[in-house]
Amino acid sequence: MSKNTHSFQAEVAQLLHLVTHSLYSNKEIFLRELISNASDACDKLRFEALDNAALYEDAPNLEVRVAFDKKARTLSITDNGIGLSQQEAIDHLGTIAKSGTREFMSRLSGDQKADAQLIGQFGVGFYSGFIVADRIVVESRRAGLPADQGVRWSSTGTGDFEVETITRDKRGTSVILHLREDADEFLNGWKLKQVISKYSDHISLPILMEKEEWKEGEDDKGGEMVATGEWEPVNKASALWTRAKKDVTEEQYVEFYKSISHDYEAPLAWSHNRVEGSTEYTQLLYIPAKAPMDLWNRDHKGGLKLYVKRVFIMDEAEALLPSYLRFVKGVIDSADLPLNVSRELLQESRDVKAIREGSTKRVLSMLEDLAKKAVAAAAPAAESPAADGVTDVVDKKEGEQADADAAKASEDAGKYAKFYAEFGSVLKEGLGEDFANRDRIAKLLRFASTTSDAATVSLADYKARMKDGQEAIYYITADTLAAAKNSPQLEVFKKKGIEVLLMTDRVDEWALSYLTEFDGTPLQSVAKGAVDLGKLQDETEKKAAEEAAEAFKPVLEKLKASLKDKAEDVRVTTRLVDSPACLVVQEHGMSTQLARMLKQAGQ
Ligand code: ADP
Ligand code: MG
């Protein structure tokens, strides 16, 4: 292939323009992105080599090298991973491959300052190199291809790129950044090491840099650091989840989360455990603070990465958690699964079943901890035990300690509400999906009620407030809170001061059909059948109703006849106080809400 010039995809050109023209404080993230690509490339090689060990050629130790040349003003990141063929370089470096990048593009506002900040938080993969470089050259050879089928890709980031064939002995990729005038700081070993340990310490491969030595200048000219030719690792080079909890800082957990989730906000909580027994695995599970845009799509894949004995196997391994926990991000590293396990095999594996059950329990207990903290904050006397994801603050004077504790407590208190606002609807799907954990899920639910507009009432709270003689947990479903609150069906409950849960979430109707009772108390829709208030209805009311039914019999008969095709029955009721009439459905009938939903869906 001779030298060829290609144009970028339209979005890429737009993105490049934005990246190169926005100055912002967070320049250094380019290094995180390029090192994470290098690490991905090594993971891919390891995976392909499972079937074809020859791909390792004569270099079985995977690594990343970071080097700089002050005179040439270049910084290079070199890996000996899978490499790129010529076509792959054209396809992958000239298009927006990553879904996160596409999502990022859709969020751009056009306001340069705001957008620049967004890039800083988001990371835009390979293109982030153009933050510090005015020219990027990528030299690569794919593992398994002959040396004369290497590729050189280069671009100044202004709209097109060039591709030519080169000879490259070594497998893998070098990304060579020709640094801009204002990016001098990255021609400094100390600075690079600092950035690498901040963002890339959790990378499981060694990231090597050349050792430097101080060399005195000649003729009093002042000395400088010079490379010694000896390479040394600058990261810990052990995958974060393989380390002991005590050796990982809170900040490292957060950075690791950001790197695997493409999220820029810190997670709400995490849990890191080594599980032993008949199935052995390590789990590192995170609860994000914000729902991704496509969460509602039931096809949204799970957020867990699967490793087997530290070898990366797959992203989005949906078999590892039930669908209603698809918002959870993290890593499972199994000691038992075969390395060549496929998605299909995962579905049938007994080890996977154990991992799935164990991880489900772990997520539910993380949520229970968050919920407990919210309660503890409401009643500050109660001590809640420190949970995963919380590192105690030490070395503070007592007063400061108390302040820090109070701040932490109030932050923690808001976390469950935050979680619930983002993911509560998805969690409810669990009532129908995970029968074994239904009770635990039910305890985690929160609703608005006739005593609270905010969705903060748990079923246990409700039970604790039930009237003497009340035999059911009453609820109503409606499209909006206002509609629910003003429903005529609530009149008698209001009159008697009985709390009713107000359910306005689209999934409530469906989800609640799986929850017939809570802690021994039945749940009853106030819009279904004849409401029997049981012992709460006094004798005189009952008698009055019966008499009324008798007295109005002729009227009822007439109404029934004229509404023959529209209503199944017409009754005298005690449920209304002010309104003259209301519609209800049969005890086991489809509710009006569900009927409307189905109608909307065209059924
Ligand atoms: P992402 O890493 O999310 O896929 P990037 O923009 O960071 O998105 O990278 C785009 C693509 O370029 C990668 O998916 C990969 O195919 C290719 N690529 C980037 N860097 C390397 C590398 N060091 N080795 C091999 N392929 C690479
Ligand atoms: Mg990337």
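Look a little higher up for the structure.
Predicted model only: the values in this text are computed from it and were never measured. (Residues numbered from 1 in each chain as written. Chains lettered and ligands numbered in written order. Predicted model: local features only at pLDDT ≥ 70, side-chain atom pairs only at ≥ 80, totals over all residues. Heavy atoms only, no water.)

**What to know about the overall build of the protein chain**
1) Next: When helices and strands are counted, the protein chain shows 18 helices and 20 strands.
2) Next: Buried residues in the protein chain amount to 46% of all 603 residues.
3) Next: Put simply, of all contacts in the protein chain between residues at least 6 apart along the chain, 70% involve residues at least 24 apart. (Helix = DSSP H or I, 4+ residues; strand = E, 2+ residues; numbered from the N terminus. Buried < 20%, exposed > 50% of the residue type's maximum accessible area, 1.4 Å probe, protein only. Contact = heavy atoms within 4.5 Å.)

**Considering the pairing of strand 4 (residues 133-141)**
1) Next: When you tally the buried positions in strand 4, you get 7 out of 9 residues, the bulk of the element.
2) Next: With 8 bridges joining them, strand 4 and strand 7 (residues 172-179) adopt antiparallel strand pairing. Directly across from Glu139, in strand 7, lies its bridge partner Ser174.
3) Next: Relative to strand 5 (residues 150-155), strand 4 runs antiparallel, the two sharing 5 bridges. (Pairing = 2+ DSSP bridges.)

**As for the pattern of salt bridges**
1) Next: Summed over the entire model, instances satisfying the criterion amount to 32 salt bridges.
2) Next: A salt bridge links Glu230 to Lys211; its shortest N-O distance comes to 3.2 Å. Pair noted here: Glu230 is in strand 9 (residues 224-233) and Lys211 is in strand 8 (residues 207-215), with a separation of 19 residues, a long-range link.
3) Next: For Glu230, a relative accessible area of 43% puts it in the partly exposed group.
4) Next: Within the structure, one salt-bridge network assembled from shared partners comprises Lys3, Glu139, Arg152, Glu162 and Glu164. (Salt bridge = Lys/Arg side-chain N within 4 Å of Asp/Glu carboxyl O.)

**A word on the pairing of strand 7**
1) Next: Counted residue by residue, strand 7 has 7 buried out of 8 residues, so it is predominantly covered.
2) Next: Of the strand pairs in this sheet, strand 3 (residues 74-79) and strand 7 are connected by 6 bridges, and their pairing is antiparallel. Note on strand 7: the bridge partner recorded for Ser76 is Ile176.

**Observations concerning the sheet that holds strand 12 (residues 303-308)**
1) Next: The 5 strands lie next to each other as 10-11-14-12-13, forming an open sheet whose pairing is mixed. Unpaired on one side and paired on the other, strand 10 (269-275) and strand 13 (311-314) mark the two borders of the sheet. Along the sheet, successive strands turn relative to each other by an average axial angle of 20°, direction set aside.
2) Next: Judged from the 6 bridges that link them, strand 12 and strand 14 (residues 329-334) form a sheet pairing that is parallel. Bridge pairing links Val308 to Ser334 in strand 14.
3) Next: Relative to strand 11 (residues 281-287), helix 9 (residues 350-378) is tilted by about 40°, and along the sheet it contacts strand 10, strand 11 and strand 14. (Axes fitted to C-alpha atoms, helices over the stretch in contact; angles between N-to-C directions.)

**Remarks on helix 7 (residues 250-261)**
1) Next: With 12 residues, helix 7 extends 17 Å from end C-alpha to end C-alpha; this agrees with the ideal 16 Å at 1.5 Å per step.
2) Next: Taken as a whole, helix 7 has its buried residues at Gln252, Tyr253, Val254, Glu255, Phe256, Tyr257, Ile260 and Ser261. (Expected span 1.5 Å × (residues − 1).)

**Examining the packing of aromatic side chains**
The geometry of two aromatic rings is summed up by the distance between their centres and the angle between their planes.
1) Next: Under the counting rule described, the total for this entry stands at 17 aromatic pairs.
2) Next: Judged by centre distance (5.9 Å) and plane angle (50°), the rings of Trp241 and Phe256 are tilted. With Trp241 in the loop between strand 9 and helix 7 and Phe256 in helix 7, this residue pair connects regions lying 15 residues apart in the sequence. There is no split in this pair, since Trp241 and Phe256 are both buried.
3) Next: Consider the rings of Trp241 and Tyr307, whose centres lie 4.5 Å apart with planes at 50°: the pair is tilted. (Phe/Tyr/Trp six-rings, centres within 6.5 Å; stacked < 30°, edge-to-face > 60°.)

**Some points on unusual backbone geometry**
1) Next: Of note, the phi angle at Arg73 is positive, near 55°, even though the residue is not glycine.
2) Next: Summarising the element assignment, Arg73 is placed in the loop between strand 2 (64-69) and strand 3.
3) Next: Look at Glu316: it is not a glycine, yet its phi comes out positive at around 50°.
4) Next: Within the secondary structure, Glu316 is located in the loop between strand 13 and strand 14.
5) Next: Exposure remark for Glu316: the relative accessible area of 40% places this residue in the partly exposed category.

**Digging into the sheet that holds strand 8**
1) Next: Taken in spatial order, the 9 strands make up an open sheet running 1-6-5-4-7-3-2-8-9, and their pairing is mixed. Two strands close off the open sheet at either side, each with one partner strand: strand 1 (4-7) and strand 9. Averaged over all adjacent pairs, the angle separating strand axes in this sheet is 20°, with direction ignored.
2) Next: Pairing analysis gives 3 bridges linking strand 2 to strand 8, with the strands arranged parallel. Pairing of Val64 across the sheet is with Ile207, part of strand 8.
3) Next: Helix 2 (residues 29-49) contacts strand 2, strand 3, strand 7 and strand 8 of the sheet and is inclined by roughly 25° relative to strand 3.

**Some details on a nonpolar patch on the surface**
1) Next: A grouping of Phe552, Val555, Leu559 and Leu563 is seen on the molecular surface, where their side chains present a nonpolar patch of about 320 Å² in accessible area.
2) Next: Turning to its location among the elements, Val555 is positioned in helix 17 (residues 553-562). (Patch = residues over 30% accessible without salt bridge, like charges linked within 9 Å, V, L, I, M, F, W, Y side chains within 5 Å. Areas by Shrake-Rupley, 256 points an atom, 1.4 Å probe, with all protein chains shown as cover.)

**Things to note about the environment of Ala227**
1) Next: Note that Ala227 resides in strand 9.
2) Next: For the pair Ala227 and Trp214, spaced 13 residues apart in the sequence, the C-alpha separation amounts to 9.0 Å.
3) Next: Apart from residues lying up to four places away in sequence, Ala227 is in contact with Glu210, Lys211 and Glu212.

**Describing helix 9**
1) Next: Between its first and last C-alpha, helix 9 extends 43 Å over 29 residues, near the 42 Å set by a 1.5 Å rise per residue.
2) Next: Here helix 9 starts with a cap whose side-chain oxygen sits 3.1 Å from the backbone nitrogen of Asp351, and that cap is Ser349. (Polar contact = N/O pair within 3.5 Å; in protein donor to acceptor, adjacent residues only side chain to side chain.)

**A short note on the nonpolar core**
1) Next: In terms of nonpolar packing, the biggest core is built from 71 residues, with Leu306, Phe327, Leu346, Tyr416, Phe419, Leu427 and Leu501 touching the most fellow members.
2) Next: With 8 residues, helix 9 is the single largest residue contributor to this core.
3) Next: Setting aside residues up to four positions removed in sequence, Leu501 forms contacts with Phe447, Ala448, Ser449, Val457, Leu459, Tyr462, Ile473, Tyr474, Tyr475 and Ile476.
4) Next: Counting residues in hydrophobic clusters, the runner-up holds 55 residues, among them Leu31, Val132, Val175 and Ala183. (Core = buried A, V, L, I, M, F, W, Y, C linked by side-chain atoms within 4.5 Å.)

**Structural notes on the packing of helix 2 against helix 6 (residues 189-199)**
1) Next: Their axes nearest at 9 Å, the elements helix 2 and helix 6 cross at an angle of 65°. Viewed along their axes, helix 2 and helix 6 adopt a mutual orientation that is roughly perpendicular. Considering how the two elements wind past one another, helix 2 and helix 6 form a crossing that is right-handed. Side by side, helix 2 and helix 6 meet where Ile29, Leu31, Arg32 and Ile35 of the first sit next to Leu192, Val195, Ile196 and Tyr199 of the second.
2) Next: Grouping the constituent residues of the contact of helix 2 with helix 6 by class yields 7 nonpolar, no polar and 1 charged. (Parallel < 35°, antiparallel > 145°, perpendicular 65-115°, else oblique. Left-handed = near helix turned anticlockwise from the far one by under 90°. Nonpolar A, V, L, I, M, F, W, Y, C, P; charged D, E, K, R; others polar.)

So yeah, pure geometry; function would need other evidence.
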